[in-house]
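Fold and geometry: a report
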Amino acid sequence: AQSVTQLGSHVSVSEGALVLLRCNYSSSVPPYLFWYVQYPNQGLQLLLKYTSAATLVKGINGFEAEFKKSETSFHLTKPSAHMSDAAEYFCAVSVPNTGNQFYFGTGTSLTVIP
Amino acid sequence: DAGITQSPRHKVTETGTPVTLRCHQTENHRYMYWYRQDPGHGLRLIHYSYGVKDTDKGEVSDGYSVSRSKTEDFLLTLESATSSQTSVYFCAISERTGGTEAFFGQGTRLTVV
């Protein structure tokens, strides 16, 4: 099975500060990579995805992520945090030719301090 | 929003009783998934389906069974509910392989007492 590691189960940033959420994966082949956001009592919503095109991927709400094969990482960033960014964030991978299964990290809870 | 409906949204049941959760989609997507979400564990795959009557186990399948008799419906059954199965259950769908994303339902909060 593939594995996804999200460093930091809780991250706090001040409003207007840089958001950096870390994700590392293990896979013998380049995977497809995803970031999802979950607001309280809701399902998961896709923020962005990497599918072997440009390594810098832009998503919704000003988020972006960079695929770095040499570091097996796909960290999520946003230049300036808003209060509305407070949520749970999940990194996920899907490995080609393995049945289209999605493997998720344990999540990072983002708090934005006014 | 993807057309995914989970029912019920909330359920309290007693230990030892069978429970069935339903996921209904209107997108005609091939792949359907059941995940459970628990604090500190993220989302873990229970079972998934890659077509009508085609299902396979995920990483936490013990105590669960699934059925998919129609493209649009994917049922998750807890054969004899235990307190360890208290969780939030999410259904997801995906159209095809090749990097397409999964779309998630709103979740079912199940409490086993």
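Relevant structure appears above.
Everything quoted here is computed from the prediction, not taken from an experiment. (Residues numbered from 1 in each chain as written. Chains lettered and ligands numbered in written order. Predicted model: local features only at pLDDT ≥ 70, side-chain atom pairs only at ≥ 80, totals over all residues. Heavy atoms only, no water.)

Of the residues lining the interface, 24 residues belong to chain B; the matching set on chain A comes to 19 residues. Contact between chain B and chain A buries roughly 1700 Å² in total, counting both sides, with carbon and sulfur atoms accounting for 53%. At the boundary of chain B and chain A, one finds one salt bridge. Its salt-bridge partner being B:Glu101, residue A:Lys49 comes within 2.6 Å of it at the nearest N-O pair. Here chain B and chain A share nine residue pairs in polar contact (both at pLDDT 80 or more) between them. (Contact = heavy atoms within 4.5 Å. Buried area = accessible area lost by both parts, 1.4 Å probe. Salt bridge = Lys/Arg side-chain N within 4 Å of Asp/Glu carboxyl O. Polar contact = N/O pair within 3.5 Å; in protein donor to acceptor, adjacent residues only side chain to side chain.)

Before going further, it helps to examine the sheet that holds strand β1 (residues 4-7) of chain B. All names here are of chain B. The antiparallel open sheet is built from four strands, whose spatial order is β1-β3-β8-β7. The open sheet is flanked by β1 and β7 (64-70), the only strands paired with a single partner. Adjacent strand axes in the sheet meet at a mean angle of 15°, parallel and antiparallel pairs treated alike. (Pairing = 2+ DSSP bridges. Helix = DSSP H or I, 4+ residues; strand = E, 2+ residues; numbered from the N terminus. Axes fitted to C-alpha atoms, helices over the stretch in contact; angles between N-to-C directions.)

Within a pair of aromatic rings, the relevant descriptors are the distance that separates the centres and the angle that separates the planes. Under the criterion given, the structure shown has 16 aromatic pairs over all chains. Summarising the aromatic geometry, the rings of B:Tyr48 and B:Tyr50 are spaced 6.3 Å apart at their centres and angled 50° between planes, so their arrangement reads as tilted. Taken together, A:Phe34, A:Tyr36, A:Phe102, A:Phe104, B:Tyr33, B:Tyr35, B:Tyr48, B:Tyr50 and B:Phe104 form an aromatic cluster joined through their ring pairs. (Phe/Tyr/Trp six-rings, centres within 6.5 Å; stacked < 30°, edge-to-face > 60°.)

It is worth spelling out the state of the cysteines at this point. Residue and element names in this part refer to chain A. Counting across every chain of the model gives two disulfides over all chains. One disulfide in the model links Cys-23 with Cys-91; its S-S distance is 1.9 Å. The disulfide joining Cys-23 to Cys-91 has a torsion of about -65° about its S-S bond and is therefore left-handed. Of this pair, Cys-23 sits in the loop between β3 (19-21) and β4 (24-26) while Cys-91 sits in strand β10 (residues 87-94), and the two are 68 residues apart along the sequence. (Disulfide = S-S within 2.5 Å.)

Turning our eyes to something else, we now look at the environment of A:Thr77. All names here are of chain A. Looking at where Thr-77 falls in the secondary structure, it is placed in strand β9 (residues 73-78). Among the residues examined, Thr-77 registers a relative accessible area of 21% and is labelled partly exposed. Remark: the alpha-carbon pair of Thr-77 and Arg-22, spanning 55 residues in sequence, is separated by 8.7 Å. Those residues in contact with Thr-77 that sit more than four places away from it in its chain are Val-19, Leu-20, Gly-62, Phe-63 and Glu-64. (Buried < 20%, exposed > 50% of the residue type's maximum accessible area, 1.4 Å probe, protein only.)

What follows covers the pairing of strand β8 (residues 64-68) of chain A. Residue and element names in this part refer to chain A. What you see with β8 is a clean split: Ala-65 and Phe-67 sit on the buried side and Glu-64, Glu-66 and Lys-68 on the side with no burial. Where strand β7 (residues 56-58) and β8 come together, three bridges link them in antiparallel fashion. Bridge pairing links Leu-56 to Glu-66 in β8. Hairpin remark: β7 followed by β8, antiparallel, with five residues in the connecting loop; positive phi at Asn-61, about 60°. Across five bridges, β8 lies against β9 in antiparallel orientation.

On to the side chain of A:Lys78, then. Residue and element names in this part refer to chain A. Within the secondary structure, Lys-78 sits in strand β9. Separated by 2.9 Å, the side chain of Lys-78 and the backbone oxygen of Asn-61 make a polar contact. Within the local environment of Lys-78, its side chain forms a polar contact with the side chain of Asp-85, the two groups lying 2.9 Å apart. Those residues in contact with Lys-78, other than ones at most four positions away along the chain, are Ala-17, Leu-18, Val-19, Asn-61, Gly-62, Phe-63 and Asp-85.

Fair warning: the whole summary comes from geometry, so function is off the table for now.
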